[in-house]
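# Architecture at a glance
Residues per chain, in single letters:
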Amino acid sequence: MKTKYNQGDIVQFTYNDGNRDLLVITEVFEVLGSLRYAVHWLADNAKGRCKINTLDDNLSITLLARGQ
């Protein structure tokens, strides 16, 4: 299965209200045949991490920098 994003990529998530957060993909892995991404995000006065499986199909995500 081919991933759209790779570990180390920096992507931007844009909310409906126009606010934006930066996400760094820290891991790409497969669970039961479905790709998932572990991400860390940076926002105004906030940061966090989570695992998500909808990055490949999310129209609110824009690739900013490709990781090495």
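Small disclaimer: the values here were computed from a predicted structure and weren't measured. (Residues numbered from 1 in each chain as written. Predicted model: local features only at pLDDT ≥ 70, side-chain atom pairs only at ≥ 80, totals over all residues. Heavy atoms only, no water.)

## Overview of the pairing of strand β2 (residues 20–31)
Regular strands place side chains that alternate from one sheet face to the opposite one. The test is simple: Pairs of strands are assigned from DSSP output, requiring at least two bridges between the strands. Numbered from the N terminus, helices here are DSSP runs of H or I no shorter than four residues, and strands are runs of E no shorter than two.
Sheet analysis places strand β1 (residues 10–14) next to β2, joined by five bridges and oriented antiparallel. Each bridged residue has a counterpart across the sheet, and for Ile10 the counterpart in β2 is Val24. The hairpin turn running from β1 into β2, its antiparallel successor, is five residues long, and Gly18 in that turn takes a positive phi close to 95 degrees. The turn joining β2 and strand β3 (residues 34–43), which pair antiparallel and follow one another in sequence, is formed by two residues; a positive phi near 50 degrees is taken by Leu32.

## Quick look at the pattern of salt bridges
Stated precisely, the cut-off is as follows: A carboxyl oxygen of Asp or Glu within 4 Å of a side-chain nitrogen of Lys or Arg is what we treat as a salt bridge. Note on classification: 1.4 Å probe, protein chains only; a residue is buried when its accessible area is under 20% of the maximum for its type, exposed when over 50%, partly exposed between these limits.
Per the counting criterion, the structure on display carries one salt bridge. Here Arg66 ties to Asp9 by a salt bridge, and the two come within 2.5 Å at their closest N and O atoms. Of this pair, Arg66 sits in the segment after β5 (61–65) while Asp9 sits in the segment before β1; the two residues are 57 residues apart in sequence, bridging distant segments of the chain. By relative accessible area, which is 0% here, Asp9 ends up buried.

## Observations concerning the packing of aromatic side chains
Remark: the centre distance and the inter-plane angle together describe each pair of aromatic rings, the angle taken between the planes. Stated precisely, the cut-off is as follows: Only the six-membered ring of Trp is used, alongside the rings of Phe and Tyr, when aromatic pairs are assigned; centres must lie within 6.5 Å, and planes under 30 degrees apart are stacked while those over 60 apart are edge-to-face, with the rest tilted.
One pass over the full model with this rule turns up two aromatic pairs. With centroids separated by 4.7 Å and ring planes inclined at 80 degrees, the aromatic side chains of Phe13 and Tyr15 adopt a geometry described as edge-to-face.

## A word on unusual backbone geometry
Although it is not a glycine, Leu32 adopts a positive phi angle of roughly 50 degrees. Here Leu32 is to be found in the loop between β2 and β3.

## Digging into a nonpolar patch on the surface
As a reminder, the rule being used: Each patch is assembled from residues with relative accessible area greater than 30% and no salt bridge, linking like charges that lie within 9 Å and nonpolar side chains (Val, Leu, Ile, Met, Phe, Trp, Tyr) that lie within 5 Å. Note that accessible areas follow from Shrake-Rupley with a 1.4 Å probe, and for residues the cover is restricted to the protein chains shown.
Where nonpolar side chains cluster on the molecular surface, the patch consists of Ile10, Leu22, Leu42 and Leu64 and spans about 330 Å² of accessible area. Among the structural elements, Leu22 can be located in strand β2.

## A look at the sheet that holds strand β4 (residues 46–52)
Two strands in a sheet stick together by hydrogen bonds in their backbones, pointing the same way (parallel) or opposite ways (antiparallel). Applied cut-off: Each axis is a line fitted through C-alpha atoms, taken for helices only over the stretch in contact, and angles between the N-to-C directions span 0 to 180 degrees.
Pairing is antiparallel in the open sheet, where five strands are placed in the order β4-β3-β2-β1-β5. If you trace the sheet from one side to the other, it starts and ends with β4 and β5, each paired once. Across the sheet, the mean angle from the axis of one strand to that of its neighbour is 30 degrees, orientation sign disregarded. Pairing of β3 with β4 involves seven bridges; the strand directions are antiparallel.

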